[in-house]
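# Breakdown of the fold
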Amino acid sequence: MKILFAASEAAPFVKTGGLADVAQGLPTYLAKNKDVDIRVIIPYYKSIKDKNDKNIKFLTSFGVNLGWRRLHVGIFEAVYKKVKYYFIDNEYYFNRDSCYGFYDDGERFAYFSKAILESLMHIDFIPDVIHLNDWQTALVPAFLKAHYGGMISFHQIKTLFTIHNIEYQGKVSNEFLGDVLGFGEEMRGVMSYEDCINFMKSAIVLADKVSTVSETYSYEIRYSFFSHGLSEILKQYEYKICGITNGIDTDLFNPNKDKNLIVNYKAGEIEKKEENKRFLQEKLGLPQKSEVPVISMISRLVSHKGLDLVEYICDEILSMDLQLVVLGTGDKRYENLFKFLQSKYPDKMSANIEFNSALASWIYAGSDMFLMPSKSEPCGLSQLIAMRYGTVPVVRETGGLNDTVKPINVLTGEGSGFTFKAYNAHDMLGAIKRSVDYYYDKEKYIKTFTNIMKINSSWKEPSKKYINVYKEIMQY
């Protein structure tokens, strides 16, 4: 079975979000199956070239047509953890200081999608399935149908399109159809939606199968509250939609091996976790009180992460006998909110407006509870990492949070976290209060700490489900 995994980013080469972790973790696990030949293809960004620490080598180059343009494609390659990675090089499109956020992103990733298909004739690899991820690769099924349909070697290729976040769909003007994509009017019906060209819509229509990164999210996006305008299309094609909940790299996120920690620990070693808590409190300038619960948030500081709920009742939260630690960057509104709260409650609040992987490890290991009150959460990796470090999640029942965090029964101690359903600030506050009360029931809290560290959140089971999907669509 030959699989080409196409994404706009992949760790450890380049990472701006959870997609990069998936693009590393899933292929790495799939490669353990001797019957699977899995390869990954991403853009060759400036940041990858500047780092140049993974022995990336030039393979070949050629040209590709994009509308009326004739464009250069360079192919570089590297092997990491037994997986071959290809890098599509074009200085005009990818030699920039960041991956996204440019006026011509539509054209940049239209080029990337076309170059993926064109490259297959130059790298001696014709996959059975191309696994596509989010809008940046969503044009591959359209190009495959419109421009490569007549090629015998491409007839066998099937496509799986995975939606990681439906909010970002790849919307461009109607003129894009002919001018950039080089499509005739016969493709307009497939490509257009709500008076624009919509990359993601075209992939939902044309891909052989559509998946999402959790089971709950696969159902949520069929409703207008979650779909960002695509609910009618998703309902029309719901027969091809499935949900597979993400895993995490349990070797990378391992408190028993994490080199950033002051002391490593495994399930049941609560004293060592408490050492990490004291270290975190000291580093952040908080009073070193082992009896006071530390609640943390590691997140992009944006509204849909539930920060408007936190903002609404922040004084009520901080009036409790607890400490709140926040790490992340995002909207100035929330960055300034947490800075203000730190100045107002210096013994209870630590605002860390940055991205710092070492500090993230300290927080996961040194916290007692982890707050994740998202309005929507396709899967979420932070709650999985928190549990891996024995930190009890407090989450809203949405998307992957609903699939991965089972409500704790305070009488028996069974379950993995505290949850609330309605998107309501005081419902969230109730869940926080329940978690704080539970923290003081030490026998049950230690039982939960031990149990959640043993949860298997690796890619083992998700990778099996993806293999079954690949096999299913190969029979079409």
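Look up: the structure comes first, before these words.
Treat the numbers as computed from the prediction; the structure is a model and nothing was measured.

Strand order in the open sheet formed by 9 strands is S3-S4-S5-S2-S1-S6-S7-S10-S11, with mixed pairing between adjacent strands. Every other strand in the sheet has two partners, leaving strand S3 (57–66) and strand S11 (241–243) as the edge strands with one partner each. On average, each strand axis in the sheet is tilted by 25 degrees relative to the strand beside it, whichever way the strands run. Examined bridge by bridge, S3 and strand S4 (residues 69–80) share 9 bridges and lie antiparallel to one another. Within S4, the position partnered with Ser61 by the bridge is Gly74. Of the strands in this sheet, strand S1 (2–6), strand S2 (37–43), S3, S4, strand S5 (83–89) and strand S6 (129–133) are in contact with helix H4 (residues 105–119), which crosses S3 at around 115 degrees. Lying over the sheet, helix H21 (residues 460–474) contacts S1, S6, strand S7 (158–163), strand S10 (209–212) and S11, oriented at roughly 140 degrees with respect to S7.

Taken across its 6 residues, S7 has 6 buried, putting it largely inside the fold. Taking every second residue as pointing to the same face, both faces of S7 are buried, with Lys158, Leu160 and Thr162 on one and Thr159, Phe161 and Ile163 on the other. Here 5 bridges tie S6 to S7, and the two strands are oriented parallel to one another. Looking at S7, one finds that Asn133 is bridged to Thr162. Tracing the backbone out of S6, into helix H5 (residues 140–147) and back to the parallel element S7 gives a crossover that is right-handed. Note that S7 and S10 share 4 bridges and pair parallel.

Going through the model one piece at a time under the given rule, you end up with 29 salt bridges. Residue Arg39 is joined to Asp37 by a salt bridge in which the shortest nitrogen-to-oxygen separation is 3.2 Å. Relative accessible area serves as the criterion here: at 15%, Arg39 is assigned to the buried category. For Asp37, a relative accessible area of 27% gives the class partly exposed. A salt bridge links Lys84 to Glu77; the nearest nitrogen and oxygen atoms lie 3.6 Å apart. Lys84 sits in the partly exposed class, given a relative accessible area of 28%.

Calculation rules
- Residues numbered from 1 in each chain as written.
- Predicted model: local features only at pLDDT ≥ 70, side-chain atom pairs only at ≥ 80, totals over all residues.
- Heavy atoms only, no water.
- Pairing = 2+ DSSP bridges.
- Helix = DSSP H or I, 4+ residues; strand = E, 2+ residues; numbered from the N terminus.
- Axes fitted to C-alpha atoms, helices over the stretch in contact; angles between N-to-C directions.
- Contact = heavy atoms within 4.5 Å.
- Buried < 20%, exposed > 50% of the residue type's maximum accessible area, 1.4 Å probe, protein only.
- Right-handed = clockwise from strand over helix to strand, strands pointing away.
- Salt bridge = Lys/Arg side-chain N within 4 Å of Asp/Glu carboxyl O.

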